[in-house]
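A structural walkthrough
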Amino acid sequence: ETVTDTVFCNSLRAQSKGLVYNQWVRAGPRKQTFYTPSEVNAAIVACGGLDPGINIVVKEITCTLTLAYNVKRAWGVRFGWRGFTDPAAKEWLELTQDRVAHIHKEGG
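Residues numbered from 1 in each chain as written. Predicted model: local features only at pLDDT ≥ 70, side-chain atom pairs only at ≥ 80, totals over all residues. Heavy atoms only, no water.

**Re the environment of Thr 66**
Tracing the sequence through the fold places Thr 66 in helix α2 (residues 54-68). Remark: the alpha-carbon pair of Thr 66 and Ala 42, spanning 24 residues in sequence, is separated by 9.9 Å. Those residues in contact with Thr 66 that lie beyond four places of it in its chain are Val 71 and Gln 97. A polar side-chain atom of Thr 66 sits 3.4 Å from a polar atom in the side chain of Gln 97. (Helix = DSSP H or I, 4+ residues; strand = E, 2+ residues; numbered from the N terminus. Contact = heavy atoms within 4.5 Å. Polar contact = N/O pair within 3.5 Å; in protein donor to acceptor, adjacent residues only side chain to side chain.)

Structure below.
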């Protein structure tokens, strides 16, 4: 299986700010993993706005990454795609099982 779904971020605006070119592989199930999960840092990004139910999704992805795949770290990216490139965006949150344990009971 070849992963062909890649997200690129190399806008003129980003370049004008001196940001480095970035690329990420879109998430999703694969027949074969191409990385050793225990060496992977994963990022979860939601694109903002009203998104009922997103907290439970973040919780379940975090738990799956840490328990089933044993990834090194899972991060929550704030401010949608802007959180990847804009230095003004707040720092990412490290997502742990303890941090997301009750997130589904919170709003926003």
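**Points about the sheet that holds strand β4 (residues 73-77)**
Pairing within the open sheet is mixed, and its three strands lie in the order β3-β4-β5. Both outer strands of the open sheet, β3 (41-45) and β5 (93-95), are each paired with one neighbouring strand and no more. Neighbouring strand axes in the sheet, compared pairwise and without regard to direction, differ in orientation by 35° on average. Sheet topology places β3 next to β4; five bridges connect them, and they run parallel. Residue pairing in the sheet places Val 45 in a bridge with Val 77 of β4. Along the sheet, α2 contacts β3, β4 and β5; its crossing angle with β3, the most-contacted strand, is approximately 170°. (Pairing = 2+ DSSP bridges. Axes fitted to C-alpha atoms, helices over the stretch in contact; angles between N-to-C directions.)

**Thoughts on the packing of aromatic side chains**
This model, assessed by the stated rule, comprises two aromatic pairs. Ring centres of Phe 84 and Trp 92 lie 5.5 Å apart, and the angle between their planes is 85°; this geometry places the pair in the edge-to-face category. Among the residues examined, Phe 84 registers a relative accessible area of 16% and is labelled buried. Taken together, the ring pairs connect Trp 81, Phe 84 and Trp 92 into an aromatic cluster. For Arg 82, the ring lying beneath its charged end belongs to Phe 79, and the centroid distance is 5.0 Å. (Phe/Tyr/Trp six-rings, centres within 6.5 Å; stacked < 30°, edge-to-face > 60°. Buried < 20%, exposed > 50% of the residue type's maximum accessible area, 1.4 Å probe, protein only. Lys NZ or Arg CZ within 6 Å of the ring centre and 35° of its normal.)

**Brief notes about unusual backbone geometry**
With a phi close to 60°, Asn 70 is a non-glycine residue in the positive phi region. For Asn 70, the position within the fold is in the loop between α2 and β4. Not every positive phi belongs to a glycine, and Phe 79 is a case in point at roughly 65°. When you line up the elements, Phe 79 lands in the loop between β4 and α3 (82-85). Note on Phe 79: relative accessible area 44%, which makes it partly exposed.

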